[in-house]
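What follows is the residue order along each chain.
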Amino acid sequence: MAASLWRVVMGTGASSADVDTTGGVEFWRSPERAGWLTKQGEYIKTWRRRWFVLKQGRLFWFKDSVVTRASVPRGVIPVATCLTVKGAEDALNRQFAFELSTPTETMYFIADSEKEKEEWINSIGRSIVQHSRSVTDAEVVDYDIGRPAAPVAADGDK
């Protein structure tokens, strides 16, 4: 999952110098959440310990915890592409495991404790809600009048 999302962020055929892989996010400053997680590789299914930073709708990971302006993320997941984040102990038969899924892939992580697992799930879940387009205009109800807040044009009316 991470590699394909990384390719989407990077664009095809562009050098890393030509593309802003961070989306302008200052990941080195005041993250919403940061910490160590063990991540399963996409192609070679080994487990590697990585430093994760969640900020402004993006989940970045690095080889070490010293993250500066000059740091280059090993990968990034735009959380708006994610559908769910949930515990995965049963799926992996590993304690403190959780999964992050998109329409096409599922990525697995292992936290160091149950508390950290729950904190990561909650933080990523909040970020998914904040950065995804999960409510359509037709679903926004003005409770004072009891109907949709604004008329919505049908596709044929545009």
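Residues numbered from 1 in each chain as written. Predicted model: local features only at pLDDT ≥ 70, side-chain atom pairs only at ≥ 80, totals over all residues. Heavy atoms only, no water.

1. Here we look at the overall build of the chain
Reasoning step 1: When you go through the chain residue by residue, the secondary structure sums to 3 helices and 9 strands.
Reasoning step 2: Starting at the N terminus and ending at the C terminus, the chain contains elements arranged as α-β-β-β-β-β-α-β-β-α-β-β.
Reasoning step 3: Taking all 158 residues of the chain together, 37% fall into the buried category.
Reasoning step 4: Here the analysis covers contacts within the chain between residues at least 6 apart in sequence; of these, 47% occur between residues at least 24 apart.
Reasoning step 5: Roughly 9,500 Å² of accessible area belongs to the chain as shown, and the carbon and sulfur atoms make up 50% of that amount. (Helix = DSSP H or I, 4+ residues; strand = E, 2+ residues; numbered from the N terminus. Buried < 20%, exposed > 50% of the residue type's maximum accessible area, 1.4 Å probe, protein only. Contact = heavy atoms within 4.5 Å. Areas by Shrake-Rupley, 256 points an atom, 1.4 Å probe, with all protein chains shown as cover.)

2. What to know about the sheet that holds strand 3 (residues 58–62)
Reasoning step 1: Across the sheet, 7 strands lie side by side as 4-3-2-1-7-6-5; this open sheet has antiparallel pairing. What marks the edges here is a single partner per strand, and that holds for strand 4 (75–78) and strand 5 (84–87). For this sheet, the mean inter-axis angle between neighbouring strands, taken without regard to orientation, is 35°.
Reasoning step 2: With 4 bridges joining them, strand 5 and strand 6 (residues 97–101) adopt antiparallel strand pairing. Within the sheet, the bridge partner assigned to Val-85 lies in strand 6 and is Leu-100.
Reasoning step 3: Where helix 3 (residues 114–131) meets the sheet, its contacts fall on strand 1 (33–40), strand 2 (47–55), strand 3, strand 5 and strand 6, and the angle it forms with strand 1 comes to roughly 105°. (Pairing = 2+ DSSP bridges. Axes fitted to C-alpha atoms, helices over the stretch in contact; angles between N-to-C directions.)

3. Some words on the nonpolar core
Reasoning step 1: Grouped together as the largest cluster of nonpolar side chains are 23 residues, with contacts concentrated most on Leu-59, Ile-77, Phe-98, Leu-100, Phe-109, Trp-120 and Ile-124.
Reasoning step 2: Taken together, the elements giving at least two residues each to this core come down to strand 2, strand 3, strand 6, strand 7 (106–110) and helix 3.
Reasoning step 3: Once residues lying within four places of it in the same chain are set aside, the contact partners of Trp-120 are Arg-33, Ala-34, Gly-35, Trp-36, Leu-37, Phe-52, Leu-54, Leu-59 and Phe-98.
Reasoning step 4: Counting residues in hydrophobic clusters, the runner-up holds 8 residues, among them Val-25, Phe-27, Phe-60 and Val-76. (Core = buried A, V, L, I, M, F, W, Y, C linked by side-chain atoms within 4.5 Å.)

4. Description of the environment of Ser-101
Reasoning step 1: Its location among the elements puts Ser-101 in strand 6.
Reasoning step 2: When its relative accessible area of 11% is taken as the criterion, Ser-101 is described as buried.
Reasoning step 3: A C-alpha to C-alpha distance of 9.7 Å links Ser-101 and Val-79, two positions 22 residues apart in sequence.
Reasoning step 4: Beyond its immediate sequence surroundings of up to four residues, Ser-101 is in contact with Cys-82, Leu-83, Thr-84 and Thr-106.
Reasoning step 5: Here Thr-84 takes part through its side chain, which lies 2.5 Å from a polar atom of the side chain of Ser-101. (Polar contact = N/O pair within 3.5 Å; in protein donor to acceptor, adjacent residues only side chain to side chain.)

5. A few points about the side chain of Gln-40
Reasoning step 1: Mapped onto the elements, Gln-40 comes out in strand 1.
Reasoning step 2: For Gln-40, a relative accessible area of 17% translates into the label buried.
Reasoning step 3: Sequence-distant contacts of Gln-40, defined by excluding residues within four places in its chain, comprise Lys-45, Thr-46, Trp-47 and Tyr-108.

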